[in-house]
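# Observations on the model geometry
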Amino acid sequence: MIRALITSTALVASLAAPAFAQAGESEPTLSLSESATVQIAPEFATVSSGVVSRAETAQDAVRANAAAMSRVFDALRRAGVENDDMQTAQLSVSPVYADRQAPNQIERTIIGYETRNQVAAKVRDTSRVGQVIDAMVSAGANNINGVTFGAEDTDDALDNARREAIAALLAKAELFAGAAGFELCGIRRMGESNYRPQPVYESRMMAMSDSMSTPVAAGELTLTATVSADFCINQ
């Protein structure tokens, strides 16, 4: 169920001062802004993980990393992740340095090479995220970058937030007009700010035993719509 939460932003009411006679008088306006949020359950999770390998030569580092990543990809398939839901996010080979101090200088010596390979795996069953992470780690993944949650279609939920924000904005404008003793004559401008879905994580602690998979709380996604408007005023 979508739960709508209305959050009021800072409200600014401004009565524009009359301009000089030759320039004409500007109309007084009331400027308001309102935000509303809705929370929806995430539909999938993206796990970013991979392997960091080191060796004396770049070739050995690449070979060791390729073998380890092959096992990680196989583990993802066995965990139910489709090939189309796997994407290489990073692949790099770089030297590893050791600093050696000498009088009045620092010498950097290459002592080996490091290969990094990251994969972003889309897990469509959020209840299996912990199991997927465990499968990757068991296969050799040693670099977990994070887990993010998302939803395929957020349009309906965001439209609900927009409706709530607009209703709150209009109600607030009427409140200002009634309290200040003026009439609203229309909307001169209305706009919407950008939004970004943000995951809201559960704060509860989870116990973990050797037989349990890594605990991951999906929480909820929060979508925010912010609308603003300038109302013209009849005094």
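For clarity, every value in this text was computed on a predicted model and none was experimentally measured.

Now for the overall build of the protein chain. Each helix and strand counted, the protein chain has 3 helices and 10 strands in total. Going from the N terminus to the C terminus, the protein chain shows its helices and strands as β-β-β-β-α-β-β-α-β-α-β-β-β. Considering the protein chain as a whole, with its 235 residues, one finds that 35% of them fall into the buried category. Sequence-distant contacts, at least 24 apart, represent 77% of the contacts inside the protein chain between residues at least 6 apart. As displayed, the protein chain offers around 14100 Å² of accessible surface, 49% of which is attributable to carbon and sulfur atoms.

The end-to-end C-alpha distance of helix 1 (residues 58-78), which contains 21 residues, comes to 30 Å, matching closely the 30 Å that a straight helix rising 1.5 Å per residue would cover. The first or second residue beyond helix 1 is Gly80, which carries a positive phi of 100°.

For the rest of this paragraph, the subject is the packing of aromatic side chains. Any pair of aromatic rings gets described here by the distance separating the centres and the angle formed by the planes. According to the stated counting rule, one finds 0 aromatic pairs in the structure shown. For the cation-ring pair, Arg108 lies above Tyr97, with the distance from its terminal atom to the ring centre recorded as 4.2 Å. Cation over ring: Lys122 sits above Phe44, and NZ or CZ is 4.4 Å from the ring centre.

On average, residues of the protein chain score 82 in pLDDT, and 80% of them are at 70 or above. Averaged over each element, pLDDT in the protein chain is lowest for strand 2 (residues 12-14) (40) and highest for helix 1 (96). Counting interchain partners and residues more than four positions distant, the pLDDT-below-50 stretch residues 1-24 has 55 contacts. Confidence drops under pLDDT 50 across residues 199-211; counting only partners more than four residues distant or on other chains, this segment forms 19 contacts.

If you walk through the whole model with that rule in mind, you get 1 disulfide. A sulfur-sulfur distance of 2.1 Å marks the disulfide that ties Cys185 to Cys232. Of this pair, Cys185 sits in strand 8 (residues 183-192) while Cys232 sits in strand 10 (residues 220-234), and the two are 47 residues apart along the sequence.

Here we come to the pairing of strand 4 (residues 44-55). A large share of strand 4 lies buried, amounting to 9 of its 12 residues. Sheet topology note: the strand 4/strand 7 (residues 143-150) ladder contains 7 bridges and is antiparallel. For Ser49, the partnering residue across the bridge sits in strand 7 and is Ile144. Pairing between strand 4 and strand 6 (residues 105-123): 11 bridges, direction antiparallel.

What follows is about the side chain of Asp85. One can find Asp85 in the loop between helix 1 and strand 5 (86-102). In this structure, Asp85 is in contact with Ala120, Ala121, Lys122 and Arg124, ignoring residues within four places of it in sequence.

With that settled, the discussion passes to the environment of Phe149. Examined against the element boundaries, Phe149 turns out to sit in strand 7. Among the residues examined, Phe149 registers a relative accessible area of 9% and is labelled buried. For the pair Phe149 and Leu221, spaced 72 residues apart in sequence, the C-alpha to C-alpha distance is 7.5 Å.

Looking now at the nonpolar core. Counting 33 residues, the largest nonpolar core has Val72, Leu76, Val129 and Met136 as its most contacted members. Contributing elements (two or more residues each) for this core: strand 3 (29-40), strand 4, helix 1, strand 6, helix 2 (129-139), strand 7, helix 3 (155-180) and strand 10. It is helix 1 that contributes the most residues to this core, 6 residues altogether. Excluding anything up to four places from it in sequence, Val129 contacts Ala45, Val47, Val123, Val147, Phe149 and Val216. Grouped together as the second largest cluster of nonpolar side chains are 12 residues, Leu30, Ala36, Ala177 and Ala229 included.

Conventions used here
Residues numbered from 1 in each chain as written. Predicted model: local features only at pLDDT ≥ 70, side-chain atom pairs only at ≥ 80, totals over all residues. Heavy atoms only, no water. Helix = DSSP H or I, 4+ residues; strand = E, 2+ residues; numbered from the N terminus. Buried < 20%, exposed > 50% of the residue type's maximum accessible area, 1.4 Å probe, protein only. Contact = heavy atoms within 4.5 Å. Areas by Shrake-Rupley, 256 points an atom, 1.4 Å probe, with all protein chains shown as cover. Expected span 1.5 Å × (residues − 1). Phe/Tyr/Trp six-rings, centres within 6.5 Å; stacked < 30°, edge-to-face > 60°. Lys NZ or Arg CZ within 6 Å of the ring centre and 35° of its normal. pLDDT = per-residue confidence, 0-100. Disulfide = S-S within 2.5 Å. Pairing = 2+ DSSP bridges. Core = buried A, V, L, I, M, F, W, Y, C linked by side-chain atoms within 4.5 Å.

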